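# Observations on the three-dimensional arrangement
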Amino acid sequence: MKIILGVLIAILWLFTIGLAIMAATGAGHFASFVILFALSIFCTVDWWLLDR
């Protein structure tokens, strides 16, 4: 279960990095990146504390 969630969170981080690049080049909105970054941080911390 934790491995599957880890893979999904890794994919979420890849989307976050892609959106950060888009926001830096002007192709994306900075607010979208901030929201996705906060969600990624929350999910990562929640995943890290799982089964502790």
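Data block above holds the structure.
Every chain is numbered independently, its residues counted from 1 as its sequence is written. Reporting of local features is limited, given that this is a predicted model, to residues whose pLDDT is at least 70; pairs of side-chain atoms are given and counted only at 80 or more, and all residues count toward the totals for whole chains, interfaces and linings. Only hydrogens and water are set aside when side-chain values are computed; all heavy atoms of the structure are taken into account.

## A short note on the packing of aromatic side chains
What counts here: Only Phe, Tyr and Trp rings take part, Trp by its six-membered ring, and two of them pair if their centres are within 6.5 Å. Stacked means planes under 30 degrees apart, edge-to-face means over 60, and tilted covers everything else. Strands here mean DSSP runs of E at least two residues long; helices mean DSSP runs of H or I at least four residues long; both are numbered from the N terminus. Partly exposed residues are those whose accessible area sits between 20% and 50% of the maximum for their type, while under 20% is buried and over 50% is exposed, using a 1.4 Å probe and protein chains only. The criterion for a charge sitting over a ring is simple: Lys NZ or Arg CZ within 6 Å of the ring centre, and within 35 degrees of the ring normal.
The full count for this structure, using the stated rule, is 4 aromatic pairs. Taken together, a centroid distance of 5.7 Å and an interplanar angle of 80 degrees make the contact between Trp13 and Phe37 edge-to-face. One end of the pair, Trp13, is in helix H1 (residues 2–25); the other, Phe37, is in helix H2 (residues 30–49), and 24 residues separate them in sequence. Ring plane angle 45 degrees and centroid distance 5.9 Å describe the contact between Phe30 and Phe33, whose orientation is recorded as tilted. Taken together, the positions of Phe30 and Phe33, both in helix H2 and 3 residues apart, correspond to about one turn of that helix. You can call Phe33 buried: its relative accessible area is 18%. An aromatic cluster of three or more residues is present, and its members are Trp13, Phe30, Phe33 and Phe37. A cation sits over an aromatic face here: Lys2 above Trp47, 5.1 Å from the ring centre.

## Things to note about H1
Defined as follows: Multiplying one less than the number of residues by 1.5 Å gives the expected span of a helix.
In a regular helix each residue adds 1.5 Å, so 24 residues correspond to 34 Å; H1 covers 35 Å between its end C-alpha atoms and thus fits that length. Buried residues of H1: Gly6, Ile9, Leu12, Thr16 and Leu19, and no others. Within two residues after H1, Gly26 carries a phi angle of roughly 95 degrees, on the positive side.

## Some words on a nonpolar patch on the surface
Spelled out, the test is: A patch consists of residues whose relative accessible area exceeds 30% and which take part in no salt bridge; residues with like charges are grouped when within 9 Å of each other, and nonpolar side chains (Val, Leu, Ile, Met, Phe, Trp, Tyr) when within 5 Å. In short, Shrake-Rupley with a 1.4 Å probe defines the accessible areas, and a residue's cover is counted only from the protein chains shown. Whenever Lys or Arg places a side-chain nitrogen within 4 Å of a carboxyl oxygen from Asp or Glu, that contact is recorded as a salt bridge.
A cluster of nonpolar side chains, contributed by Met1, Ile3, Ile4, Leu5, Val7, Leu8, Ile11 and Phe15, occupies part of the molecular surface with about 880 Å² of accessible area. Along the chain, Ile3 falls in helix H1.

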